[in-house]
Amino acid sequence: MDYILSPSILSADFANLGADVKEAVKAGAKWVHIDVMDGMFVPNISLGLPVIKSLRKETEALFDVHLMIEEPGRYIDDFAEAGADLITLHAEATKHLHRAIQQVKAKGLKVGVALNPATPLSALDYVLEELDMVLIMTVNPGYGGQSYIAKMDDKIKELRAIINEKGLDIDIEVDGGISAKNVAHVKECGANVFVAGSAVFNGDIASSAKDILEAMDNIKKQIDYKKILSIILVMVFMITFNNNVYAAELDNMQHNDQAYVLNSFSGNNLESISVRF
């Protein structure tokens, strides 16, 4: 599974957008998250097709286009032409979710479905197998700079369990309140794509992006240490168990006057001992 930082340009300097995006990508971001808002589905208006088309000339990073607009199926062809690589639709924004998903796939693009914090995972019951990604909104959509909703931990964990149980290859993206301080925790919950806006662009872009990427990598190292510790504990248990079996069998022989062949560990060597009482 790939772990990906997708900086949201909603928090970038629009007067210096191309340069900001290039700096984030150079620092290690693989995707660029583009929030499109219509002022209807969410109480805000952001950028549109001309900005995406212009920005496409500035980078080859994957364009992760998040449509926060009513009935997004009306504009799938336009966003594909503008340069989107992945289009995410809100389950709450369309009457015909399956149809809209098929529209995106027909353009040869990756497709995702976003769920607002209060929307249950059951909204995905009949479309999950069609998706490349599920976006869990960890804030209410419409504005940047909000705090992560802690209850979304359970939602992410539940979704990852469902995906694993079904044997699917689906990314889980999280959007809202992600920073270097909590990205490792959210990763442990099961997410693997992380949208960060103000945490990347409100300050030194390269330094901020690298801080988040390093925090993502640190949890991987911690997981590796846990695996090593688990292996050591299993080895200790096996050695202790074999020694106990050896002692028990020896005691049993003393009481039954029979011949046995005993196996025991001595360092790295397996010893066989034949004893008769």
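See the structure printed just above.
We now turn to the structure provided with this report. Bear in mind that the values here come from a model prediction, so they are computed numbers and not experimental data.

With respect to the helices and strands, threonine 94 occurs in the loop between strand S4 (86-90) and helix H4 (97-106). A relative accessible area of 12% means that threonine 94 is categorised as buried. Side chain to side chain, threonine 94 and glutamate 71 meet in a polar contact 3.3 Å long. A polar contact of 3.1 Å, which involves the side chain of threonine 94, links it to the backbone nitrogen of histidine 96.

Turning our eyes to something else, we now look at the side chain of aspartate 175. Relative to the helices and strands, aspartate 175 is located in strand S7 (residues 171-175). The side chain of aspartate 175 sits in the buried core without any salt bridge; lysine 155 is the nearest counter-charge, 13 Å away. When neighbours within four sequence positions are excluded, aspartate 175 is seen to be in contact with His33, Asp35, His66, Leu135, Ile136, Met137, Thr138, Val139 and Val195.

Before going further, it helps to examine the sheet that holds strand S6 (residues 133-137). The 8 strands lie next to each other as S1-S8-S7-S6-S5-S4-S3-S2, forming an open sheet whose pairing is parallel. A single partner strand is all that each edge strand has here, and the edge strands are strand S1 (4-7) and strand S2 (31-37). Taking each pair of neighbouring strands and ignoring which way they run, the sheet shows an average axis angle of 25°. Judged from the 5 bridges that link them, S6 and S7 form a sheet pairing that is parallel. Each bridged residue has a counterpart across the sheet, and for valine 134 the counterpart in S7 is isoleucine 172. Most of the contacts of H4 go to strand S5 (residues 110-115), to which it runs at about 150°, and overall it touches S4 and S5.

Throughout the structure, instances matching the rule amount to 7 salt bridges. As a salt-bridge pair, aspartate 85 and arginine 56 come within 2.9 Å of each other at their nearest N and O atoms. Of this pair, aspartate 85 sits in the loop between helix H3 (76-82) and S4 while arginine 56 is found in helix H2 (residues 49-56), placing the two residues 29 residues apart along the sequence. Of the residues examined, aspartate 85 reaches a relative accessible area of 28% and is grouped as partly exposed.

Looking now at the pairing of S4. Each regular strand carries side chains that alternate between the two faces of the sheet. Counting buried positions along S4 yields 5 of 5 residues, so the element is predominantly enclosed. By the alternation rule, side chains of S4 split into Leu86, Thr88 and His90 and Ile87 and Leu89, which are all buried. Considered for its hand, the β-α-β crossover made up of strand S3 (residues 62-68), H3 and S4 is right-handed. Note that the unit made of S4, H4 and S5 has a crossover that is right-handed.

So, about the environment of alanine 196. If you trace the backbone, alanine 196 turns up in strand S8 (residues 193-196). When the C-alpha positions of alanine 196 and isoleucine 178 are compared, they lie 5.4 Å apart, and in sequence the two are 18 residues distant. The contacts of alanine 196, once residues within four sequence positions are left out, are Leu5, Ser6, Pro7, Ser8, Ile178 and Ile212.

Below, the discussion takes up the packing of aromatic side chains. For any pair of aromatic rings, geometry is given as the distance between the ring centres together with the angle between the planes. Applying the stated criterion across every chain, the model contains 0 aromatic pairs. The side chain of arginine 56 reaches across the aromatic face of phenylalanine 63, ending 3.7 Å from its centre. Over the ring of tyrosine 3 we find lysine 187, and its NZ or CZ is 4.0 Å from the ring centre.

Criteria and cut-off values
Residues numbered from 1 in each chain as written. Predicted model: local features only at pLDDT ≥ 70, side-chain atom pairs only at ≥ 80, totals over all residues. Heavy atoms only, no water. Helix = DSSP H or I, 4+ residues; strand = E, 2+ residues; numbered from the N terminus. Buried < 20%, exposed > 50% of the residue type's maximum accessible area, 1.4 Å probe, protein only. Polar contact = N/O pair within 3.5 Å; in protein donor to acceptor, adjacent residues only side chain to side chain. Lys, Arg positive; Asp, Glu negative; His and termini not counted. Salt bridge = Lys/Arg side-chain N within 4 Å of Asp/Glu carboxyl O. Contact = heavy atoms within 4.5 Å. Pairing = 2+ DSSP bridges. Axes fitted to C-alpha atoms, helices over the stretch in contact; angles between N-to-C directions. Right-handed = clockwise from strand over helix to strand, strands pointing away. Phe/Tyr/Trp six-rings, centres within 6.5 Å; stacked < 30°, edge-to-face > 60°. Lys NZ or Arg CZ within 6 Å of the ring centre and 35° of its normal.

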